[in-house]
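Below are the chains, spelled out letter by letter.
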Amino acid sequence: MFQDITIEQLLARRTKGELTLIDVRSPSEYQENTIPGSLNIPIFDDAERAEIGTIYKQVSVEAAKERGLEIVSAKLPAFIRTFAQIKGPKVVFCWRGGMRSKTSATVLDLMGIKASRLIGGIRTYRQWVVSTLEELELPPAAYVINGNTGSGKTLILRRLMAEGYPVLDLEAMAGHRGSIFGHIGLRANNQKSFEALLVEQVLTLQDAPYVLIEGESKRIGKAVLPEPVVQMKEAGTQLFIELPLEERVRHILEDYQPMQHKDALMQAFKHIKNRIHTPIAKEIEANLLIGQYERAVKLLLEHYYDPRYAHAMSQYEGEQIVIQAGTIEEAIEAVRAQLPKKNQR
């Protein structure tokens with residue numbers, strides 16, 4: 001018989017890298033919110049789940065169970081083969097630890113494949129995230145990377161993270177770059193997914209003497225920063241990156257790959273078109289239409305993003321450490337020099 005495990009047991013074992021988590025809910029449920037790092041092996045697809053739900057409401061519970069059994073029986077061989085390819089201990093879960101995960105664990109057990117079931121399903125994981133957020137202990141200090149659009153702030157953070165520095169990559173957690181164009185080429189996470197990723201990342205930094213973070217606004221795409229993170233950011237040491245305009249344009253083109261996202265760029269531009277002086281807006285739009293992206297980006301920076309950033313900075317009264325660099329590589333080196341060397345991780 002399969003074993004039920006609690007959320008506490010799951011978290012303890014996963015920290016040691018001992019488990020593969022498998023979400024057996026439908027693909028749309030999985031996309032909406034799951035436990036970070038989980039695989040999706042659905043027992044029902046979206047259409048099948050909707051059909052069973054309709055039968056449950058309009059006919060009877062028994063009729064829904066019978067239809068569910070028919071669907072599961074037809075796909076059992078493929079279901080079992082998929083699980084058999086996954087090595088090591090496995091934990092299955094659904095929404096509340098109900099029929100879908102119980103059925104999956106039972107069938108796997110009958111076929112000699114051991115898989116535990118998470119008691120309470122993803123709902124109990126969400127409860128853990130919410131309670132952990134309420135008592136979240138952030139590192140005692142922060143270094144905040146600021147700068148004009150295109151200054152490579154996120155790239156700087158990710159390079160330093162790869163070197164072992166303690167970093168909270170908020171844009172990665174949000175699946176969004178934070179601007180009106182920030183969703184292009186990405187899939188934005190909702191608040192639940194963002195909070196789960198944030199909690200799990202912060203817990204890995206419990207012993208860090210400081211954290212590196214980007215100077216984001218309170219909202220990044222669909223996600224809103226928790227107040228403790230906002231307060232830590234505002235109280236942190238503020239580093240301001242200044243790069244030449246040409247370098248910023250180059251970085252933006254590399255990051256956004258505009259040739260691959262022509263329609264998305266035009267749609268996003270429509271949201272800010274009326275905020276730009278009409279002749280300039282028309283020139284930007286014309287350049288976007290003919291693929292002159294370098295010119296379009298340069299105009300956007302000069303006539304939209306840079307003035308907005310300058311206004312925001314004029315309201316800032318705290319101490320500013322300005323880092324002037326010719327390239328992003330130089331900026332990374334300069335930021336590294338600002339960090340406490342004895343505390344490098």
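Examining the packing of aromatic side chains
Then comes step 1: Scanning all chains against the criterion turns up four aromatic pairs.
Then comes step 2: Measuring from ring centre to ring centre gives 5.4 Å for Tyr143 and Tyr210, while their planes differ by 80°; the resulting arrangement is edge-to-face. Here Tyr143, found in strand β6 (residues 142-147), pairs with Tyr210, found in the loop between α9 (191-203) and β8 (211-214); they are 67 residues apart in sequence, far enough to count as distant. Comparing Tyr143 with Tyr210 shows no difference in burial state: the two are buried.
Then comes step 3: Judged by centre distance (4.8 Å) and plane angle (85°), the ring pair of Tyr304 and Tyr305 falls under edge-to-face.

Considering the sheet that holds β8
Then comes step 1: Pairing within the open sheet is parallel, and its five strands lie in the order β7-β8-β6-β11-β12. Since the sheet does not close on itself, it has two edges, and those belong to β7 (167-168) and β12 (321-324), each with one partner.

Focus on the pattern of salt bridges
Then comes step 1: If you walk through the whole model with that rule in mind, you get 22 salt bridges.
Then comes step 2: In this structure, Asp4 and Arg117 form a salt bridge, with 3.0 Å as the shortest nitrogen-oxygen distance. Taken together, the residues Asp4 in strand β1 (residues 4-5) and Arg117 in strand β5 (residues 116-118) connect sequence positions 113 residues apart.
Then comes step 3: Under the relative-accessibility criterion, Asp4 is labelled partly exposed at 33%.
Then comes step 4: On the basis of relative accessible area, Arg117 is assigned to the buried category, the value being 12%.

A short note on the confidence of the model for the protein
Then comes step 1: Taken as a whole, the protein shows an average pLDDT of 94; of its residues, 99% reach a score of 70 or greater.
Then comes step 2: The secondary-structure element of the protein with the lowest mean pLDDT is helix α1 (residues 7-15), recorded at 90, while strand β3 (residues 39-40) shows the highest, at 98.

What about helix α15 (residues 328-338)?
Then comes step 1: Along α15, the positions that sit buried rather than exposed are Ile328, Ala331, Ile332, Val335 and Arg336. The arc that holds every buried residue of α15, seen down its axis, measures 140°, which confines them to one face.
Then comes step 2: Looking at the packing, one finds that the buried side of α15 touches β6, α7 (153-162), β8, β11 (237-242), α11 (245-256) and β12.

Observations regarding the nonpolar core
Then comes step 1: Residues Leu10, Tyr125, Leu168, Leu170, Phe194, Leu198 and Ile213 are the most contacted members of the largest nonpolar core, which totals 38 residues.
Then comes step 2: Put simply, the parts of the chain that give this core at least two residues each are α1, β4 (90-93), α6 (121-134), β6, α8 (170-174), α9, β8 and α10 (227-235).
Then comes step 3: For Leu198, the residues in contact, after removing those within four places along its chain, are Leu133, Leu168, Leu170, Met173, Pro226 and Val229.
Then comes step 4: Formed by 24 residues, the second largest nonpolar core is a distinct cluster that contains Tyr256, Ile276, Ile284 and Leu299.

Some points on the packing of helix α3 (residues 46-58) against helix α4 (residues 61-84)
Then comes step 1: As a packed pair, α3 and α4 sit with axes 7 Å apart at the nearest point and diverge in direction by 160°. In terms of their interaxial angle, α3 and α4 are classed as roughly antiparallel. Remark: the crossing between α3 and α4 carries right-handed chirality. Between α3 and α4, the contacting residues are Glu48, Glu51, Ile52, Ile55 and Tyr56 on the first element and Val61, Ala63, Ala64, Arg67, Gly68, Ile71 and Lys75 on the second.
Then comes step 2: In the contact of α3 with α4, the residues fall into seven nonpolar, one polar and four charged.

A closer look at the packing of α4 against helix α5 (residues 99-110)
Then comes step 1: At a closest axis distance of 11 Å, the pairing of α4 and α5 adopts a crossing angle of 80°. Judged by the angle between their axes, α4 and α5 are roughly perpendicular. Along its contact with α4, which presents Leu76, Phe79, Ile80 and Phe83, the element α5 presents Ser104, Val107 and Leu108.
Then comes step 2: Its residues assigned to classes, the contact of α4 with α5 comprises six nonpolar, one polar and no charged.

Examining the environment of Pro77
Then comes step 1: By the element assignment, Pro77 lies in helix α4.
Then comes step 2: A relative accessible area of 47% places Pro77 in the partly exposed class.
Then comes step 3: Residues Pro77 and Tyr125, spaced 48 residues apart in sequence, show a C-alpha to C-alpha distance of 30 Å.

Focus: the environment of Ile5
Then comes step 1: Note on placement: Ile5 falls in strand β1.
Then comes step 2: A residue is classified by how much of its surface remains accessible, and Ile5, at 2% relative accessible area, is buried.
Then comes step 3: Residues Ile5 and Ala188, spaced 183 residues apart in sequence, show a C-alpha to C-alpha distance of 31 Å.
Then comes step 4: The residues contacting Ile5, other than those within four sequence positions of it, are Leu10, Arg13, Val91, Ser116, Arg117, Leu118 and Ile119.

Focus on helix α12 (residues 262-270)
Then comes step 1: Taken residue by residue, α12 has Leu265, Met266, Ala268 and Phe269 as its buried positions. Viewed along the axis of α12, the buried residues span an arc of 165°, placing them on a single side of the element.
Then comes step 2: In this structure, the buried side of α12 is in contact with α13 (278-290) and α14 (293-314).

Section: unusual backbone geometry
Then comes step 1: At Gln257, a position not held by glycine, the phi torsion is positive, near 45°.
Then comes step 2: Locating Gln257 in the fold gives a position in the loop between α11 and α12.
Then comes step 3: According to the relative accessible area criterion, Gln257 is partly exposed, its value standing at 36%.

Focus on the pairing of strand β2 (residues 20-23)
Then comes step 1: The pairing of β2 with β4 spans four bridges and is classified as parallel. Opposite Leu21, over in β4, you have Val91 as the bridge partner.
Then comes step 2: As paired elements, β2 and β3 share two bridges and run parallel to each other. Paired with Ile22 across the bridge in β3 is Leu39.

Scoring rules and cut-offs
Residues numbered from 1 in each chain as written. Predicted model: local features only at pLDDT ≥ 70, side-chain atom pairs only at ≥ 80, totals over all residues. Heavy atoms only, no water. Phe/Tyr/Trp six-rings, centres within 6.5 Å; stacked < 30°, edge-to-face > 60°. Helix = DSSP H or I, 4+ residues; strand = E, 2+ residues; numbered from the N terminus. Buried < 20%, exposed > 50% of the residue type's maximum accessible area, 1.4 Å probe, protein only. Pairing = 2+ DSSP bridges. Salt bridge = Lys/Arg side-chain N within 4 Å of Asp/Glu carboxyl O. pLDDT = per-residue confidence, 0-100. Arc of directions from axis to C-beta. Contact = heavy atoms within 4.5 Å. Core = buried A, V, L, I, M, F, W, Y, C linked by side-chain atoms within 4.5 Å. Axes fitted to C-alpha atoms, helices over the stretch in contact; angles between N-to-C directions. Parallel < 35°, antiparallel > 145°, perpendicular 65-115°, else oblique. Left-handed = near helix turned anticlockwise from the far one by under 90°. Nonpolar A, V, L, I, M, F, W, Y, C, P; charged D, E, K, R; others polar.

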